[in-house]
Amino acid sequence: MTLSTMLHTMSAGMLRTCGIFILTLIGSLPLGMIVALLRKSRFALVRGIVRVYISIIRGTPLMLQLLVWYFGPFYLFNWNIGSWRFPALIIGFVVNYAAYFAEIYRGGIESIPVGQHEAAEVLGFTKTQTFMRIILPQVIKTILPSVTNEVITLVKDTSLAFTLAYQEVFSLSKQISASQSSFMPFLIAGIFYFIANYVVAFIMERIEKAMNYYK
Amino acid sequence: MILEMNHIEKHFGDLEVLKDISFGVDSGEVVSIIGPSGSGKSTLLRCATFLETIDGGEIIYMGDKAAHMNDQGQAVYVSHQELRRFRSYYGLVFQQFNLFPHYSVLKNLTDAPIHVQHRDRSEAEETAMELLGKMGLADRADAYPYQLSGGQQQRVAIARALAMKPQILFFDEPTSALDPELTGEVLNVIRQLAEEKMTMVVVTHEMSFAKAVSNRVIFMDGGLIVEQGDPAEVFDHPKEDRTKQFLRVFER
Ligand SMILES: Nc1ncnc2c1ncn2[C@@H]1O[C@H](COP(=O)(O)OP(=O)(O)OP(=O)(O)O)[C@@H](O)[C@H]1O
Ligand SMILES: [Mg+2]
């Protein structure tokens, strides 16, 4: 196998890795906010459920969670899981990352001084307006560094998709390396992850800079 | 009467913070509230602005009852929805300013008029610029709060409250968070508002200011109004021993 065919084969994996990455962010960034808000719900039962969910997600390996999402329907309900691999993978990632983002959001929301809520309330803003106009923009600024960390972790975590034998770049590099007895695929994968994280860091830094217009 | 608060009672757990407080504020009146720390001054303002709910008594703005007393003397508020109507009657200036840091000065002044009162943007901006001019801050409209001194921030906060065109403005120790050399600029603004007959209730530790600017002084201690009246009377010839004692501490 020449280097260019190797690169060509692996580029399909790179695309799949990017797919996991982007779909996970699209799902988990908003879902995390919903979880963070439910965590402060008026209803104790809702708060309890959310807390259990977060502690299970944080207390068990993502790899195990992926296996449960994938094989669970089969063992529990005897479903045919033939085309379930990719959905299970994305659900596993989204549900996992939403829990971590929820904790980040919660910390961010709690860090906003109560005076901001009170000033908005006295001015007559509704609860929703207060959150969307006053609180959330400030939360986003304060949590950006933690979100960056989490997103960089996600780039690397996408490799856990190999658990479900999903052919993303890490799985492919292992396979090609074994079949071709070559170290090259690992090197390519390593460079790919490194560049991906470099791009993530670059973009996040730009966003952070864009929010530096106030303190 | 702009505001009437009758037989107000408020407790936090077992702690009775307001015990049967009654007072009214007439249009154009400037009322100062003084008293030792913990006497319930902030709590009273927070009850008047619905940041805290009262346990007993009634709150009436412009003859419109926000909370009335039932047969047991407990306070019963109008519905959450109706309460919104009352928010346009008053403004509150906080000790810590509480400006919105992510908004420019101008947006701090226009956001609520536009999105709460649904006023026209250009009209809201015009009003805001007028107010900033009055505060001596016309050239800082595009600045962000962090770029301003404490005194400037507090003047923006006053302008933000005025931009809602309230009937009455409450101040909770508006100069306590400021360096001594910056208190003057804020007090001057309040003095100017008093001359324009803005109705105001000011909780303050600035005794000479209270004496010079207000039409009436209320001295609170232990959740009660101990004494109230003409500032010259209360400051120079206090009737109650507790008032005398409090003012003596201040003279030193
Ligand atoms: N949210 C709260 N929960 C419990 N106790 C409170 C709360 N807010 C105020 N208190 C208590 O109520 C009492 C009155 O407080 P308040 O802040 O109204 O006093 P104040 O007259 O404004 O004092 P200061 O001059 O120090 O500002 C104090 O004993 C205070 O500890
Ligand atoms: Mg106080």
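A brief look at the structure comes next. (Residues numbered from 1 in each chain as written. Chains lettered and ligands numbered in written order. Predicted model: local features only at pLDDT ≥ 70, side-chain atom pairs only at ≥ 80, totals over all residues. Heavy atoms only, no water.)

Details of the overall build of chain B
Test applied: Helix and strand assignments follow DSSP, with helices taken as H or I runs no shorter than four residues and strands as E runs no shorter than two, numbered in order from the N terminus. As a reference, a globule follows 2.2 Å times the number of residues to the power 0.38, and the radius of gyration itself is taken over C-alpha atoms. For each residue, the accessible area found with a 1.4 Å probe, counting protein chains only, is set against the maximum for its type, and the residue is called buried under 20%, exposed over 50%, and partly exposed in between. The criterion used for residue contact is that any of the two residues' heavy atoms lie within 4.5 Å. Computed with a 1.4 Å probe, the accessible areas rest on the Shrake-Rupley method; for each residue, only the protein chains presented here act as cover. Note on charges: Lys and Arg go in the positive column, Asp and Glu in the negative column, and His and the chain ends are not counted at all. Note that the charge is assigned to NZ on lysines, CZ on arginines, CG on aspartates and CD on glutamates.
Looking only at helices and strands, chain B has 9 helices and 11 strands in total. Relative to the 2.2 N^0.38 estimate, which gives 18 Å for 252 residues, the radius of gyration of chain B is 18 Å and therefore close to what a compact globule would have. Seen through its C-alpha atoms, chain B measures out along the principal axes to roughly 50 × 45 × 30 Å. The burial tally for chain B puts 57% of its 252 residues in the buried class. For chain B, restricting intrachain contacts to residue pairs at least 6 apart in sequence, the fraction spanning at least 24 positions comes to 63%. About 10800 Å² of surface is accessible on chain B, with carbon and sulfur atoms providing 45% of the total. Once the 25 positive and 37 negative side-chain charges of chain B are each reduced to a mean point, those two points are 2 Å apart.

Notes on the side chain of Asp221(B)
Within the secondary structure layout, Asp221(B) lies in strand E10 (residues 216-221). Once residues lying within four places of it in the same chain are set aside, the contact partners of Asp221(B) are Pro36(B), Ser39(B), Val226(B) and Arg242(B).

Some thoughts on the sheet that holds strand E9 (residues 199-203) of chain B
Within a sheet, adjacent strands bond to each other through the backbone by hydrogen bonds, running parallel or antiparallel. All names here are of chain B. Note the cut-off: Pairing between two strands is assigned when DSSP locates at least 2 bridges connecting them. Axis definition: a line fitted to C-alpha atoms, over the contacting stretch in the case of helices. Angles run 0 to 180 degrees between N-to-C directions.
With mixed pairing, 6 strands are arranged side by side in an open sheet as E7-E8-E9-E3-E10-E11. Each edge of the sheet is formed by a strand with only one pairing partner; in this case those strands are strand E7 (90-93) and strand E11 (224-229). Each strand axis lies, on average, 15° off the axis of its neighbour in the sheet, ignoring direction. Running at roughly 150° to strand E8 (residues 168-172), helix H1 (residues 41-48) makes contact with strand E3 (30-34), E7, E8, E9 and E10 of the sheet.

What to know about the nonpolar core
Short version of the rule: Throughout, nonpolar core names a set of buried Ala, Val, Leu, Ile, Met, Phe, Trp, Tyr and Cys residues whose side chains join them through atoms within 4.5 Å.
Residues Leu3(B), Met5(B), Ile59(B), Tyr61(B), Ile168(B) and Phe170(B) are the most contacted members of the largest nonpolar core, which totals 98 residues. No other element matches the 13 residues that helix H4 (residues 85-111) of chain A contributes to this core. Grouped together as the second largest cluster of nonpolar side chains are 37 residues, Val105(B), Phe171(B), Leu178(B) and Leu193(B) included.

Description of the site of ligand 1
Residue and element names in this part refer to chain B. The cut-off we apply is this: When we say a residue is near a molecule or strand, we mean one of its heavy atoms is within 4 Å of it. Two N or O atoms count as a polar contact when they lie within 3.5 Å, although within protein this holds only if one can serve as hydrogen donor and the other as acceptor, and sequence-adjacent residues are included solely when both atoms are side-chain atoms. Under the convention adopted here, Pro, Cys and the residues Ala, Val, Leu, Ile, Met, Phe, Trp and Tyr are nonpolar, Asp, Glu, Lys and Arg are charged, and Gly plus all remaining residues are polar.
Around ligand 1, the surrounding shell holds 13 residues, and the nearest of these are Ser37, Gly38, Lys41, Ser42 and Thr43. In this structure, Glu173 approaches ligand 1 through a side-chain N or O atom, which is 3.2 Å from an oxygen atom. Residue assignment for the shell around ligand 1 shows that the elements contributing at least two residues are strand E2 (15-25) and H1. Ranked by residue count, the leading element in the shell around ligand 1 is H1, at 3 residues. By residue class, the composition of the shell around ligand 1 is 4 nonpolar, 7 polar and 2 charged.

Comments concerning the layout of surface pockets
Where empty space is left can be seen by rolling a probe of water-molecule size over the atoms. Applicable threshold: Put simply, the grid is 1 Å and covers the protein atoms alone, a cavity is a trapped set of points that fit a 1.4 Å probe, a pocket is an open set with protein on both sides within 12 Å along at least five of seven lines, and lining residues have an atom within 4 Å of a point. Grid points are joined across faces, edges and corners, and a volume is the space filled by probe spheres set on the points.
When its volume is computed, the largest pocket comes out at roughly 810 Å³. Forming the boundary of the largest pocket are 24 residues, of which His117(A), Glu121(A), Thr126(A), Lys127(A) and Thr130(A) lie nearest the centre. Of all the secondary-structure elements, those providing two or more residues to the lining of the largest pocket are H4, helix H5 (114-122) and helix H6 (127-157) of chain A together with helix H2 (80-87) of chain B. The biggest single contributor to the lining of the largest pocket is H6(A), with 5 residues. Across the lining of the largest pocket, the residue classes tally to 11 nonpolar, 6 polar and 7 charged. Taken as a whole, the second largest pocket encloses approximately 440 Å³ of empty space. Contributing to the lining of the second largest pocket are 22 residues, with Phe21(A), Leu25(A), Val151(A), Val200(A) and Met204(A) lying nearest its centre. Counting only elements with at least two residues in the lining of the second largest pocket, the list comes to helix H1 (3-39), H6 and helix H8 (184-210) of chain A.

Quick notes on the environment of Ser181(A)
Turning to its location among the elements, Ser181(A) is positioned in the loop between helix H7 (169-180) and H8. The spacing of Ser181(A) and Phe192(A) is 11 residues in sequence and 20 Å in space, taken between C-alpha atoms.

Details of helix H3 (residues 105-115) of chain B
Within H3(B), 9 of the 11 residues are buried, which leaves the element mostly enclosed by the surrounding structure. For H3(B), the full list of buried residues reads Val105(B), Leu106(B), Asn108(B), Leu109(B), Thr110(B), Asp111(B), Ala112(B), Pro113(B) and Ile114(B). Elements that come into contact with the buried residues of H3(B) comprise H6 of chain A together with helix H4 (121-134) and helix H5 (150-162) of chain B.

Describing the interface of chain B and chain A
Often, the extent of an interface is quoted as the loss of accessible area on bringing the components together. To keep things clear, this is the line we draw: Buried area: the sum, over both parts, of the accessible surface (1.4 Å probe) that disappears when the two are put together. Here, a salt bridge means any Lys or Arg side-chain nitrogen found within 4 Å of an Asp or Glu carboxyl oxygen.
Across the contact, 23 residues belong to chain B and 19 residues belong to chain A. Both sides together, the interface formed by chain B and chain A hides about 2100 Å², and carbon and sulfur atoms give 60% of it. Put simply, Arg133(A) and Asp111(B) hold a salt bridge, and the shortest N to O gap is 2.7 Å. The tally of links from chain B across to chain A stands at 10 residue pairs in polar contact (both at pLDDT 80 or more).

Comments concerning the packing of aromatic side chains
Residues and elements named next belong to chain B. What counts is decided by this rule: Within 6.5 Å between ring centres, the rings of Phe, Tyr and Trp (the latter by its six-membered ring) count as paired, and their orientation is classed by plane angle as stacked under 30 degrees, edge-to-face over 60, tilted in between.
Per the stated rule, a full pass over the model turns up 25 aromatic pairs over all chains. When the centroid spacing of 6.1 Å and the interplanar angle of 80° are considered together, the rings of Phe50 and Tyr77 count as edge-to-face. Of this pair, Phe50 sits in the loop between H1 and strand E4 (56-61) while Tyr77 sits in strand E6 (residues 75-77); the two residues are 27 residues apart in sequence, bridging distant segments of the chain. For Tyr77, a relative accessible area of 22% puts it in the partly exposed group. Measuring from ring centre to ring centre gives 5.7 Å for Phe86 and Tyr89, while their planes differ by 85°; the resulting arrangement is edge-to-face. Looking at Phe86, the relative accessible area reads 0%, which means it is buried. In this structure Tyr89 comes out as buried when scored by relative accessible area, which is 17%.

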